[in-house]
Protein chains: 2
Amino acid sequence: MKPIAQLILPEILDIVSRGEPAEIKEVLEQLHPADVSVVIGELSDDSAMALFLAAPREQRVAVFEHLEEDQQERVLKLVGARAMVPIVEEMASDDRADLLQSLPKRLADALIEELSRPEQQDVAALIQYPEKTAGAIMTTEFAVVPANATVSAAMDHLRKVAPHRETIYYVYVTDEEEHLTGVLSLRDLVLADPSAVVRSIMRENPIALPVDCDQEEVANQLAKYDFLAVPIVDSKLRLVGIVTHDDAIDVIHEESTEDAQRMGAITPLQETYLQTGFWDILRKRGIWLAILFFAVMYTGTALRLFEDTIKSMSILVVFVPLIVSTGGNVGSQSATLIIRALAVGDIRLKDWGRVTWREVRTGAALGLFLGLMGVVRALLWNTGPGVALVVGLTVLGIVIWAALVGSLLPIALRRMGMDPAVASAAFIASIVDVVGIVMYFSIAKLLLF
Amino acid sequence: MKPIAQLILPEILDIVSRGEPAEIKEVLEQLHPADVSVVIGELSDDSAMALFLAAPREQRVAVFEHLEEDQQERVLKLVGARAMVPIVEEMASDDRADLLQSLPKRLADALIEELSRPEQQDVAALIQYPEKTAGAIMTTEFAVVPANATVSAAMDHLRKVAPHRETIYYVYVTDEEEHLTGVLSLRDLVLADPSAVVRSIMRENPIALPVDCDQEEVANQLAKYDFLAVPIVDSKLRLVGIVTHDDAIDVIHEESTEDAQRMGAITPLQETYLQTGFWDILRKRGIWLAILFFAVMYTGTALRLFEDTIKSMSILVVFVPLIVSTGGNVGSQSATLIIRALAVGDIRLKDWGRVTWREVRTGAALGLFLGLMGVVRALLWNTGPGVALVVGLTVLGIVIWAALVGSLLPIALRRMGMDPAVASAAFIASIVDVVGIVMYFSIAKLLLF
């Protein structure tokens, strides 16, 4: 029961490359457009074009919408921009705006010029919104009915507009100035008395989000309310679009991947791992590695300060990896917990006091535990009680410090309007490392010399 | 336009604690059940109970469904299990099964005993499925119509069953043995000629997933096809449930958080950060810290092997943090990229060859870049060309090694049926560190002594 495209992909590729129209037609009938788009990604140019053009027009639109951006560009170039105009016209308005923004400017402009007037205006309206806001991910194809319509009139209206609406399961009610005044579902309409008036069954004061709302917040709110779609309003509270559940899922995937990459000290990739170019990935990793390289140099500098201590007591060096890695590990744990909790809305900025208190206690408990392990290890290595004590105290201190830095830095970054995930494990480790080295050798000097 | 609960929470709390029934009723009318559940979480026991009981029964069910598990238990205890039976009976079947599994066994058994027979059977059927499978997150409340019904008969049926169905936007068609034979949407029904027969407008061979399918795969498939719900079938291809879009979003959030926590070297928390108990969090962090503590000990052991080298040339020590942290950073970058790509399905196990080739090249390029930086830094520190060369070569070597370990370890873990995210940054760093130290001092011995 796995999706067809995965199970019998080789067989499908075989059929399509044989090029028998009847067989290709049968494949198309059995596959979901999302699967056809996967197949196209695996095909040679000729076969991809043959398969795409064999599809009936309606399916072609759906297949094209499901293609990755690089594949959309490929198909556009294969089929020819002019021939693709009818398909682009029928695309969902948010998918179309995304496509036109991802295309090379010349190709996009050529396409836009061919679109009919209302579509041109729609594209122009949508691409003005900044990336990663509600405006950038919403569609303008929502269903609206007047408050004074009867249920049966509303249903008739929905039947008429359904082919050009992203969803007709949520229906919005606006006044003369397009202000959002109510919402009702197709379920409400189906269950209502056909002669009832929309106003009497709609939900007033619907939840709506501003058009400049961050896309992650939009997705989180949609998830919180279990909505199929959430209405988006402009600064005058006029309904300008809706964000649907499938776009919210894409946003959640995208934001999670971005956060993971930031936390892994990588500038977020725009495309998937395998699609991202070699030089692009190099740049996005290299820049952070270079920054971290300079940061860790301070650890080297810190070590140089204690070169005499090291010379006269080289056994101390053996514990340096333990000190720095334990600090780094605890810091990265704290940062991970806080960054995720901020991302999904489990904690808010105002919780910083609770977080601090919790992390100090956790750090102290973990520090005692790990410090004791360090003492035992040192004694087993016959370093003598002095070094063992130094190791134990340093581990205790650095673990508390790491828990504090790891938890408060993401909150501080969010407070400054930055992405908390920038506080990557590696970045926190660098901060903690220097402190750890200085702490360690200072305690050693104090107690052992 | 922010959701009400956030904006005026203090005001709402004030109203509810004043306890004026008319005012409380007004609050309830204006709030979405999801917001009421947030408010309840902030209220004292008395006020929480007052607010909950003031809601009309239907809203009470929705509010209760939206509560976090610990709050559900609290309300159950406050209101009394017996009084809650009607509410539990009306809950969505998946939410109910989750509730009964999260409650203390005695409380759950007492509740189940009070449920009516069909609900008892439903609970028994749902809780048998292993956690994190399609069966564990699906609801059994889906809408079914026979293939030979007319559209208008199907609509009549939907109107009748709508209150007890999680969604009526997707309607499933089964044969006499409950095998899934078709699917159609409410949109299809609304647009169809009322006298048409369901068979003629339904989509045949619908995409379905097996009941033991991993929940992350279910969510990814639903996202791929932009479905509102995906049907779940048993081993005999009988329709046994559906997983809806809102549950898929919850799964995606949950899996992303789990992956982030694993990658941050924490055993995944069952609840949110602030809800998780102090000792629970301590255990989930401490166990990994202890494992990593032992792992990093090998780095100490490796350093001990070269104590003589260090004694005779202590300047070498200054670069140890650079070597180990650069290796760790590159390894964690690679692991992050691969773990996320595996999670969202961008790469599959069969891609390991492409991944290896890509990471070797990336590692070589990054290694040359960082190695050169290391050489320059060493020369600036007047270490002489010998040490500079040793640093440069080691950085080159360790970066390639780290890229390989970081990318192949997650793939290997997945291959062995484990979660790739177990390859946390800290874990990979430990493996890379030892190799880095041995590489560094071996090259130094070879070239400088």
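Residues numbered from 1 in each chain as written. Chains lettered and ligands numbered in written order. Predicted model: local features only at pLDDT ≥ 70, side-chain atom pairs only at ≥ 80, totals over all residues.

A few words on the overall build of chain A. For chain A, the count of helices and strands is 23 helices and seven strands. The C-alpha radius of gyration computed for chain A amounts to 29 Å, which surpasses the reference 22 Å derived for 449 residues by more than 25%, pointing to a less compact arrangement than a globule. Seen through its C-alpha atoms, chain A measures out along the principal axes to roughly 90 × 60 × 45 Å. Out of the 449 residues belonging to chain A, those deemed buried represent 51%. Contacts in chain A between residues at least 24 apart in sequence constitute 70% of all its contacts with a sequence separation of at least 6. (Helix = DSSP H or I, 4+ residues; strand = E, 2+ residues; numbered from the N terminus. Rg over C-alpha atoms; globule rule 2.2 N^0.38 Å. Buried ≥ 20, exposed ≤ 12 C-beta atoms within 10 Å, placed from the backbone. Contact = placed C-beta atoms within 7 Å.)

Okay, the nonpolar core next. In this structure, V399 and I428 of chain A together with I398, V399, I428 and V432 of chain B are the most contacted members of the largest nonpolar core, which totals 145 residues. With near-sequence residues (within four places) excluded, V399 of chain B lies in contact with T326, G327, V330, G363, L366, G367 and L370 of chain B. Core analysis: the next-biggest nonpolar cluster, separate from the first, contains 96 residues, M155, C213 and V218 of chain A together with A223 of chain B among them. (Core = buried A, V, L, I, M, F, W, Y, C linked by C-beta atoms within 7 Å.)

A few words now on the environment of E68 of chain A. Within the secondary structure layout, E68 of chain A lies in the loop between α6 (57-66) and α7 (69-79). Between the C-alpha atoms of E68 of chain A and G41 of chain A, which are 27 residues apart in sequence, the distance is 8.5 Å.

All names here are of chain B. Spatial strand order, β1-β2-β3-β4: four strands in an open sheet with mixed pairing. Looking at strand neighbours, the two that pair on one side only are β1 (143-145) and β4 (203-204), the edges of this open sheet. The pairing of β1 with strand β2 (residues 170-174) spans three bridges and is parallel. Its bridge partner lying in β2, A143 is registered against V171. (Pairing = 2+ DSSP bridges.)

The next thing to look at is the packing of helix α3 (residues 21-30) of chain B against helix α5 (residues 45-54) of chain B. To describe two helices that pack against each other, one gives the angle between their axes and the distance between the axes. All names here are of chain B. In the contact formed by α3 and α5, the axes pass within 9 Å of each other and the chain directions differ by 70 degrees. Judged on the interaxial angle alone, α5 and α3 are roughly perpendicular. Two packed elements cross with a definite hand, and for α3 against α5 that hand is right-handed. Residues P21, I24, K25 and L28 of α3 pack against A50, L51 and A54 of α5. Considered class by class, the residues forming the contact of α3 with α5 number six nonpolar, no polar and one charged. (Axes fitted to C-alpha atoms, helices over the stretch in contact; angles between N-to-C directions. Parallel < 35°, antiparallel > 145°, perpendicular 65-115°, else oblique. Left-handed = near helix turned anticlockwise from the far one by under 90°. Nonpolar A, V, L, I, M, F, W, Y, C, P; charged D, E, K, R; others polar.)

Quick look at the relation of the copies chain A and chain B now. Relative to chain B, chain A is turned by 180 degrees and slid 0.0 Å along the rotation axis, the superposed coordinates differing by an RMSD of 0.1 Å. The superposition operator between the copies reduces to a two-fold rotation axis. Taken as a fraction of all interface residues of chain A, those also at the interface in chain B reach 100%, which identifies the copy contact as same-surface. (Least-squares fit on C-alpha atoms with pLDDT ≥ 70 in both.)

All names here are of chain A. Read across the open sheet, the four strands follow the order β1-β2-β3-β4; overall the sheet is mixed. If you trace the sheet from one side to the other, it starts and ends with β1 (143-145) and β4 (203-204), each paired once. Relative to strand β3 (residues 180-185), strand β2 (residues 170-174) is paired through five bridges, and the arrangement is antiparallel. Bridging across to β3, V173 finds its partner in G182. Packing of helix α13 (residues 151-161) onto the sheet brings it into contact with β1 and β2, and relative to β1 it is tilted by some 150 degrees.

Across the contact, 94 residues belong to chain A and 94 residues belong to chain B. Element by element, the count of residues in the side of chain A that touches chain B is highest for helix α18 (residues 278-305) of chain A, at 15 residues. For the side of chain A that touches chain B, the per-class residue count stands at 57 nonpolar, 22 polar and 15 charged.

Positive phi values are uncommon outside glycine, yet N205 of chain A reaches one of about 45 degrees. Relative to the assigned elements, N205 of chain A resides in the loop between β4 and β5 (209-210). Taking the number of C-beta atoms within 10 Å as the measure of exposure, N205 of chain A has 14 and is therefore partly exposed. Here the phi dihedral of A265 of chain B falls at roughly 65 degrees; this positive angle occurs in a residue that is not glycine. Among the structural elements, A265 of chain B can be located in the loop between α17 (245-263) and α18 (278-305). Assessed through the 26 C-beta atoms surrounding it within 10 Å, A265 of chain B is described here as buried.

Residue and element names in this part refer to chain A. In sequence, β2 turns back onto β3 through a hairpin of five residues, with E178 there showing a positive phi of about 70 degrees. In terms of strand pairing, β3 meets β4 through two bridges, oriented antiparallel. Counterpart to V183 in the pairing with β4 is R203.

By the secondary structure assignment, R159 of chain B is in helix α13 (residues 151-161). Between the C-alpha atom of R159 of chain B and that of L408 of chain B, which follows or precedes it by 249 residues, the distance is 54 Å. Dropping the residues within four chain positions of it, R159 of chain B is found in contact with V190 and L191 of chain A.

β2 of chain A sits mainly inside the fold: four of its five residues count as buried. One crossover worth recording links β1 of chain A to the parallel β2 of chain A by way of α13 of chain A, and it is right-handed. (Right-handed = clockwise from strand over helix to strand, strands pointing away.)

What follows is about the confidence of the model for chain A. Residues and elements named next belong to chain A. Residue-level pLDDT values for chain A average 90, and 98% of them are 70 or greater. When mean pLDDT is compared element by element in chain A, strand β6 (residues 229-233) scores highest at 97, while helix α1 (residues 4-7) scores lowest at 46. Note on residues 1-6: pLDDT is under 50 here. Beyond four places in sequence and across chains, it has 15 contacts. Among the prediction metrics, the complex's ipTM stands at 0.86, with pTM recorded as 0.87. (pLDDT = per-residue confidence, 0-100.)

Let's shift gears to α6 of chain A. Of all the positions in α6 of chain A, only R60, V61, V63, F64, E65 and H66 of chain A are classed as buried. Buried positions along α6 of chain A lie against α4 (33-42), α5 (45-54), α7, α8 (81-90) and α9 (93-102) of chain A.

Residue and element names in this part refer to chain A. In this structure, L107 sits in helix α10 (residues 105-114). With 31 residues separating them in the primary sequence, L107 and L76 have C-alpha atoms 9.1 Å apart. Ignoring any residue separated from it by four or fewer positions in sequence, one finds L107 in contact with L76 and A81.

All names here are of chain A. Counted residue by residue, α9 has seven buried out of ten residues, so it is predominantly covered. If you check which residues of α9 are buried, you get S93, D94, R96, A97, D98, L99 and L100. In this fold, the buried residues of α9 make contact with α7, α8, α10, α11 (117-127), α12 (134-137) and α17 (245-263).

A separate point is the packing of helix α20 (residues 320-343) of chain A against helix α22 (residues 385-415) of chain A. All names here are of chain A. Interhelical geometry of α20 versus α22 gives an angle of 30 degrees and a closest axis separation of 8 Å. By the angle between their axes, α20 is roughly parallel relative to α22. Here α20 runs over α22; the crossing is right-handed. Residue composition of the contact of α20 with α22, grouped by class: 15 nonpolar, nine polar and one charged.

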